Structures are given as C-alpha cells and as structure tokens.
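Letter by letter, the chains look like this.
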Amino acid sequence: MNLEMNPGVKKVRVLVVDDSALMRKMIPQMLEADPLIEVVGTAMDGTFCLKKIEELKPNVVTLDLQMPGMNGIDTLKEIMRRHPMPVIVVSSHSTEGASVTMKALGLGAFDFVAKPQDASVHMAETAAELIAKIKAAADCKVVRPGTFQVAAPAQKISAAKAPPPSKLVAIGISTGGPQALEFLLAQLPPDFPGAIVVVQHMPEGFTEMFARRLDELCSLRVKEAQSGDTLQAGRVLVCPGSRHMKVKRLTMGDIVVLNDEARVNGHRPSVDVLFQSAAQEFGSQAIAALMTGMGDDGAEGLGAVKRAGGMTIAQSEESCVVFGMPKAAIERGYATRVVALDGLSSTLQALCGRNEGHGESGGAGKALRAGR
C-alpha cells in the first residue's frame, strides 16, 4: 500500500523495548522498511517502557523479556494492568528464553518472534514475520490475563489403561494459539476417547516447552511428537517447530511421522500437511479443527478432510484473536461447523463419544487401531 496515494491511512505506532543497543537500532530499521509502521520510540528497560507508553501512546509494543532492572515479565504485567495493548515478545532461542516466552503468552502477550540465531542469514525472514505480526496485533482485540480460565487438571490416565482411540482429532492453530489451546485442552477429561495431534505455528526450540506447559495444565497427556509416536486416546502430540507432521495407519498401530520437506504456505510445520494426511489416512474417522491464526494455512487441508467424509470445524470469529485461518476455510465452504472456543470441548467430546468410537466393526464407528 502506498501511503502517498493513501494519506488517510494511519500508521501502526510501535514502541521497541530491548536492553541491547544493537537490537534497539536493528528492530526499528527492520520495521520502518514498511510504510505502514512507525517506530515512535525505544526503551532500554521496563521502567522507561512504561513512561514512554504514557508519553507516546503506541499501538503495539515489542518487548525483550530478559532485561536488567524491571524484567520483561514484570513489565508485561504492568502493561496489561495499566495500558492493555498488544505486546509482541522478541525472544531468545535459549531454553530459558523459551520458558519465559511461554509464561509471557500466558500473561497476555499477543505473540512472539524469535531473535535470529544467525542474523546474516535469517534477518529478512525475521523482519517479515515481525512486520506481519505487528500489523495483525494492531487490529486484534487484547486478551487480558485470566480471560481463559483453566481448571485444575484431574489425574491423568496411563497409556496402558487407555482404550483404543475412537477418532483422530487434528488441530491447526497459529497466532493466539497458546492461550486458546490451553483453554480447550484443559476442558477435556482425562478419559477423552480421541487421539489429538496439533500443529501450532511455532519455531524450533519452543514447541517442547509449550508441550510441557500444556501437560502441566491439562488432564490429557501432552508431549512434543517424535516420529513413530503412537496415536493414543487421551494423548496430545504437538508437532515440533521447523518440522512437518503426518499421520500414518499401520497394521501394528497408528503413528505420526515427521519430515523436513519444504515449507508449505510459508510454514514448517504446516497445518495443510497434517490435514491432508489425516484425510488420506483416516477419512471419515478424522476430525479437523482450524483455530485462531493469521493467513490461510490449513484451509485447503480442511477441504480435503471434508471431501474424505471427515468432520471439519472452524473457530468462530468472535472467539479468535486473529480470524485469518478459520475465515479462509469458511469462505471456501470447507467448514462443516463454526464453533466458539468455549464450545469446542463439548463439540469434540460429542464427536468422539464412546458410543460412536466403540461401535460395531466395519462402520464409521469403528475404533482406530490401538497404538501400544
């Protein structure tokens, strides 16, 4: 969009907060390459950040979490208390960075971008991601901490005691996903009869920490997927960042398979890759749910599941942080049902109910083969 031709277009006002002088120089340079973004100021720590929010009235804040003095987490808490606005975390790739990033998302951060490990190679890619997320954040509704109340988890059921899964539930999700998934999965009981596989757009190094957090919060068993992991009732497999995940039916049990093939729709992992394999391998035994996120990844895969006789669900606009992915599927006619976030749990439980899943062999109710 050319601002000179559209003088009425308002720029997104961004405040950049980072204790590194280099990052306070680089991030504004990256952002101001886009004519719709204006960096109105920078701050070196949380105290200065809060002052500059008062003075400069930004639309979006980019926030480093590991800062001296008032750290990023404390700063985020104060932003959400005093001036609720979209905050995008700019995170390091370390284990500590991943852990504190997951905490920030739970406290209301809109999303995060990982600092490139090799700036000379990945800076342009990081810049494009950050610009896209800032623009999405400027148009989104702020999710305050506590909006999604997560119940205390019940006792998990061991894999040895889990029955054969009744259905495959494939979930695709992106921006706004961590909080939405926490809410959804925490509503599902430990004896949920379906096997769940998840593609969450997230870089390598963060999905393992995300899966651990989900496992702590949920009654279901949650882990980052490895090739060969079996599909089990009451278990959630989260696709690792920077890999694709497919499902495969085998005589000895149904499994997930990971690969490093090229990006699809600009993503690895891609929701389309997972949904296409769910359609091919499980047909009418597949349930595909496309949830909050930017772009259109997963829309065509949802269509494949629908054509294969499976159930397709899109999250409703009013319950999405970003309506891009579900909207793309709905507009193409691929969503059989449109369901609000707070209704997804009961919908999935009804669709995976034991009466359906443990019916007579040979019909749509036939249970998936148990992965032991």
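Here, the structure is the one placed above.
Residues numbered from 1 in each chain as written. Predicted model: local features only at pLDDT ≥ 70, side-chain atom pairs only at ≥ 80, totals over all residues. Heavy atoms only, no water.

What to know about empty space enclosed by the protein
And then number 1: Throughout the structure, instances matching the rule amount to 3 cavities of 30 Å³ or more.
And then number 2: Taken as a whole, the second largest cavity spans an internal volume of roughly 40 Å³.
And then number 3: Lining the second largest cavity, in full, are M23, I27, M30, V90, V113, K115, P116, M123, T126 and L130.
And then number 4: Contributions of two or more residues to the lining of the second largest cavity are made by helix 1 (21–31) and helix 5 (119–138).
And then number 5: Its residues assigned to classes, the lining of the second largest cavity comprises 8 nonpolar, 1 polar and 1 charged. (1 Å grid on protein atoms, 1.4 Å probe; cavity = no way out; pocket = protein on both sides within 12 Å on 5 of 7 lines; lining within 4 Å. Points joined across faces, edges and corners; volume = space filled by probe spheres on them. Helix = DSSP H or I, 4+ residues; strand = E, 2+ residues; numbered from the N terminus. Nonpolar A, V, L, I, M, F, W, Y, C, P; charged D, E, K, R; others polar.)

Some words on the sheet that holds strand 5 (residues 111–114)
And then number 1: Strand order in this open sheet of 5 strands is 2-1-3-4-5, and the pairing throughout is parallel. What marks the edges here is a single partner per strand, and that holds for strand 2 (37–43) and strand 5. Across the sheet, the axes of successive neighbouring strands diverge by a mean angle of 25°, strand direction being ignored.
And then number 2: When strand 1 (residues 12–17) meets strand 3 (residues 60–64), the two strands line up parallel, connected through 4 bridges. Residue V14 lies in a different strand from strand 3, and its bridge partner there is V60.
And then number 3: Its contacts with the sheet place helix 3 (residues 72–82) against strand 3 and strand 4 (87–91), and it is angled at close to 160° to strand 3. (Pairing = 2+ DSSP bridges. Axes fitted to C-alpha atoms, helices over the stretch in contact; angles between N-to-C directions. Contact = heavy atoms within 4.5 Å.)

Remarks on the pairing of strand 12 (residues 286–290)
And then number 1: Among the 5 residues that make up strand 12, 5 are buried, leaving the element largely enclosed by the rest of the structure.
And then number 2: Burial along strand 12 is two-sided: A286, A288 and L290 facing one way and I287 and A289 facing the other are all buried.
And then number 3: Examined bridge by bridge, strand 6 (residues 168–173) and strand 12 share 5 bridges and lie parallel to one another. Note that in strand 12 the partner of L168 across the bridge is A286.
And then number 4: With 4 bridges joining them, strand 12 and strand 13 (residues 311–315) adopt parallel strand pairing. From the neighbouring strand, A289 faces strand 13, where its bridge partner is I313. (Buried < 20%, exposed > 50% of the residue type's maximum accessible area, 1.4 Å probe, protein only.)

A closer look at the sheet that holds strand 9 (residues 235–238)
And then number 1: Pairing is parallel in the open sheet, where 7 strands are placed in the order 8-9-7-6-12-13-14. Of all strands in the sheet, those with a lone pairing partner are strand 8 (221–224) and strand 14 (337–339), marking the two edges. Neighbour-to-neighbour, the strand axes of the sheet open up by a mean angle of 20°, direction not taken into account.

Considerations on the nonpolar core
When a protein is soluble and globular, its nonpolar side chains tend to lie buried together.
And then number 1: Judged by nonpolar contacts, the single largest core of 61 residues is most densely connected at V61, I79, I171, L185, I196 and I313.
And then number 2: Among the elements that take part in this core, helix 6 (residues 177–187) stands out by supplying 6 residues, more than any other.
And then number 3: Once residues lying within four places of it in the same chain are set aside, the contact partners of L185 are I196, L214, C218, L220 and V236. (Core = buried A, V, L, I, M, F, W, Y, C linked by side-chain atoms within 4.5 Å.)

The analysis is restricted to geometry; functional conclusions fall outside its scope.
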